[in-house]
Amino acid sequence: METKPTVISIEIDDAMYQNLANFYLDFASKAPNEYIDIFAQGEKVSVAIYKKNKKGKRKVVFQGDRALEESRMFFHDGNYVAPVSKKAPKSVFPQIGSDEVGTGDAFGPICVAAAYVTSADIPLLEELGVTDSKKMTDEKILEIGPTLINRFHYSQLSLPNSKFNEVHDEFNMNAIKAKMHNQCYINLINKIGGRCTIYQDQFADESLYYKYLKDEENVVHDVIFHTKGESYYLSVALGSVIARYSFLRKMQEMDAKYGMHFPFGSAGEQIDAAIKEFIEKHGKKELSNVAKLNFKNVIQLL
C-alpha cells in the first residue's frame, strides 16, 4: 500500500511570511495554482506559501518525505512545535561549537563563529550567563563580549553585504553558511592544534551540508548536527554569543559610518522606512553595501 506524503500546514503572520519569502525566493519556481504566492520544490519536499484568503489569513504548507524536517527550520521555536527529534548526543569536552547570526536581517552582515570550550571553562561561562544568544539581551552580549573574545579560543568570520550580494545568485543562504562554518572549524582547529568533538546548530540536512562543501579544498567531517544546538552544547551557545557580539559591533559601525540607525529584522515599517531613508541619503547603488538585496521587501523598494 502506497504511503501518503507528510503534509504540514501552518498559519503564519506577516512577519513570518516575510522570513519565509526571503529564504525561499532563491529557490522559487512557477506556482501550481493562483492561490500560491511562492512555491519551492526541493529534494523530497515542496513548500507552498499561500496568498491571504478572504479572512486575511495566510498559511505555509510543507509536503513530502522531508516536510517535518524542513518545517523545523522555522517553527521549532514558533507557533508550531514539532515533535522532539532524536535525543541530543551527550555533550563531550573539549568541544568546538558553531552558530550564525544575521541571515534573517535585511541590514548587516552574516556572522559565523566557532568556539572552543573545555570542562574547566564551564564555571566561568555560567558565571557570565552565556546561553543561547537569542535568550540574552544585546546589552548583556555587548557587556561580556570583550571578555569572551579575550578569554576563549574562537574563529569568527563575517560576510559583508557587498560580498553577499555578489555571490548569492551562485550560492543559496545555506550553502553560504556551510562554507563559513567549515572555514571557522579549519581556522579554530589550527589555533588549538588538534581535533576535538564538533557540534553545530543544524540549519540543513547533514547530506545537504556536505553537498554544499563538495568543491571546497578542505572539509571538516564528523560534525554532530542538532537543531537548537545552543540549548544542548555550551560551545554552540558561546559561538552564538560571539557571532551576535560581532554582528552588533558591525551594526554599530554601520550606524556611525552612515549617520543613521539600521534596525534589526527582515520586514516591517521600520525596515522599509530605513531602506527609503538610506536611498534618499546615499543612493540605491550604496545600498548593496548595507543590505541584502535579494530580500523581497528590499527588491520592492528598489
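This section reports on the structure supplied with the text. (Residues numbered from 1 in each chain as written. Predicted model: local features only at pLDDT ≥ 70, side-chain atom pairs only at ≥ 80, totals over all residues. Heavy atoms only, no water.)

1. Points about the overall build of the chain
- Along the chain, the regular secondary structure elements total 11 helices and 10 strands.
- The C-alpha atoms of the chain give a radius of gyration of 20 Å, which matches the 19 Å a tight globule of 302 residues would have.
- Taking the principal axes of the C-alpha coordinates as reference, the chain spans close to 65 × 60 × 35 Å.
- Counting every position in the chain, which comprises 302 residues, the buried fraction comes to 48%.
- Sequence separation of 24 or more characterises 67% of the internal contacts of the chain that already satisfy a separation of 6 or more. (Helix = DSSP H or I, 4+ residues; strand = E, 2+ residues; numbered from the N terminus. Rg over C-alpha atoms; globule rule 2.2 N^0.38 Å. Buried < 20%, exposed > 50% of the residue type's maximum accessible area, 1.4 Å probe, protein only. Contact = heavy atoms within 4.5 Å.)

2. Looking at the sheet that holds strand 1 (residues 7-12)
- On the basis of which strands lie adjacent, the open sheet formed by 5 strands has the order 1-5-4-3-2 and antiparallel pairing. Edge positions in the open sheet fall to strand 1 and strand 2 (28-29), since each of these has one partner strand only.
- Bridging between strand 2 and strand 3 (residues 36-42) involves 2 bridges; their strand directions are antiparallel. Bridge pairing links Ser29 to Phe39 in strand 3. (Pairing = 2+ DSSP bridges.)

3. Focus: the nonpolar core
- Residues Phe107, Val130, Leu148, Leu238, Phe262, Leu287 and Val290 are the most contacted members of the largest nonpolar core, which totals 39 residues.
- For this core, the secondary structure elements donating two or more residues are strand 7 (110-117), helix 3 (122-128), helix 4 (138-151), helix 8 (234-258) and helix 9 (269-282).
- For this core, the leading source of residues is helix 8, giving 12 residues.
- Excluding its chain neighbours within four sequence positions, the residues that come into contact with Leu238 are Ala115, Tyr116, Val117, Leu125, Val130, Leu148 and Phe152.
- The next biggest cluster of nonpolar side chains, apart from the first, holds 29 residues, and it includes Leu159, Ala178, Cys184 and Ile189. (Core = buried A, V, L, I, M, F, W, Y, C linked by side-chain atoms within 4.5 Å.)

4. Section: the packing of aromatic side chains
- In total, this model carries 11 aromatic pairs according to the counting rule given.
- A centroid spacing of 6.1 Å and a plane angle of 70 degrees characterise the contact between Phe203 and Tyr209, whose relative ring orientation is edge-to-face. When sorted by exposure, Phe203 lands in the same class as Tyr209, which is buried.
- An aromatic cluster of three or more residues is present, and its members are Phe107, Tyr258, Phe262 and Phe278.
- Above the ring of Tyr17, the side-chain terminus of Arg58 is found at 3.8 Å from the ring centroid. (Phe/Tyr/Trp six-rings, centres within 6.5 Å; stacked < 30°, edge-to-face > 60°. Lys NZ or Arg CZ within 6 Å of the ring centre and 35° of its normal.)

5. Some words on the pattern of salt bridges
- According to the stated counting rule, one finds 13 salt bridges in the structure shown.
- Among the ionic pairs, Asp138 bridges to Arg244, the shortest N-O distance being 3.1 Å. Taken as a pair, Asp138 in helix 4 and Arg244 in helix 8 lie far apart in primary sequence, 106 residues in all.
- Under the relative-accessibility criterion, Asp138 is labelled partly exposed at 21%.
- The closest approach of N and O atoms between Asp215 and Lys214, which form a salt bridge, is 3.4 Å. (Salt bridge = Lys/Arg side-chain N within 4 Å of Asp/Glu carboxyl O.)

Worth remembering: the numbers are spatial, not functional.
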